[in-house]
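Examining the three-dimensional arrangement
The residues making up each chain are set out below.
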Amino acid sequence: MRGQVDSQRAVHSGPAEAETVVVKSCQLVLGRPTVRADDDFYVIGGTSLSLIRVITELMDAGYDVDIEQIPVGASLTIRQLAAAVSRSD
């Protein structure tokens, strides 16, 4: 799975770009054809291990992930995860 998120195809518009790449990474890692920004990562089949895989995919695609910004708890939306993602320069 590593490196399958295509950072060159994302729309470069800040938070919207982050949501786009996080959605694509979650689709790859979780094997789901549809993932929306408001979906709860854990409700749609995510686990702590698959979260690490998503983060690795994003970093391999050239994105920075601020782990400290990811909420710890029973719920994590894709949008919340995307808020921790920024483009590496």
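Conventions we followed
Residues numbered from 1 in each chain as written. Predicted model: local features only at pLDDT ≥ 70, side-chain atom pairs only at ≥ 80, totals over all residues. Heavy atoms only, no water. Helix = DSSP H or I, 4+ residues; strand = E, 2+ residues; numbered from the N terminus. Buried < 20%, exposed > 50% of the residue type's maximum accessible area, 1.4 Å probe, protein only. Contact = heavy atoms within 4.5 Å. Areas by Shrake-Rupley, 256 points an atom, 1.4 Å probe, with all protein chains shown as cover. Polar contact = N/O pair within 3.5 Å; in protein donor to acceptor, adjacent residues only side chain to side chain. Phe/Tyr/Trp six-rings, centres within 6.5 Å; stacked < 30°, edge-to-face > 60°. Lys NZ or Arg CZ within 6 Å of the ring centre and 35° of its normal. Expected span 1.5 Å × (residues − 1). Arc of directions from axis to C-beta.

**Thoughts on the overall build of the protein**
Along the backbone of the protein there are 3 helices and 2 strands. Out of the 89 residues in the protein, the part that is buried amounts to 40%. Sequence separation of at least 24 residues holds for 61% of the intrachain contacts in the protein that already meet a minimum separation of 6. Counting only carbon and sulfur atoms, one obtains 53% of the accessible surface of the protein, whose full area is about 5100 Å².

**Quick notes on the side chain of D39**
For D39, the position within the fold is in the loop between α1 (15-30) and α2 (48-60). When its relative accessible area of 10% is taken as the criterion, D39 is described as buried. Within the structure, D39 has its side chain in polar contact with the backbone nitrogen of R36 (distance 2.7 Å). When neighbours within four sequence positions are excluded, D39 is seen to be in contact with T34, I44, L76, T77 and I78.

**Some words on the packing of aromatic side chains**
Within this structure, the stated rule accounts for 1 aromatic pair. Between the aromatic rings of F41 and Y42, the centroid separation amounts to 5.4 Å while the plane-to-plane angle is 80 degrees, which identifies the pairing as edge-to-face. Among the residues examined, Y42 registers a relative accessible area of 29% and is labelled partly exposed. Directly above the aromatic system of Y63 lies the positively charged group of R87, at a separation of 4.9 Å from the ring centroid.

**Let's talk about α2**
In this model α2 runs 18 Å from its N-terminal to its C-terminal C-alpha over 13 residues, within 8% of the 18 Å that 1.5 Å per residue would give. Buried within α2 we find S50, L51, V54, I55, E57 and L58. Projection of α2 onto a plane perpendicular to its axis shows the buried side chains occupying an angular sector of 155 degrees, all on one side. Turned more than 90 degrees away from the buried face of α2, the exposed residues are S48, L49 and I52. Tucked into the core, α2 has its buried residues touching α1, β1 (63-65), α3 (78-82) and β2 (85-87). Count one or two residues on from α2 and you reach G62, which has phi positive near 95 degrees.

**Describing α1**
Over its 16 residues, α1 extends 22 Å from the first C-alpha to the last, a length consistent with the 22 Å expected when each residue adds 1.5 Å. Just downstream of α1, G31 is the residue with a positive phi angle, here 65 degrees.

**Some thoughts on the side chain of S50**
Tracing the chain through its elements places S50 in helix α2. Excluding anything up to four places from it in sequence, S50 contacts V29, L30, F41 and G45.

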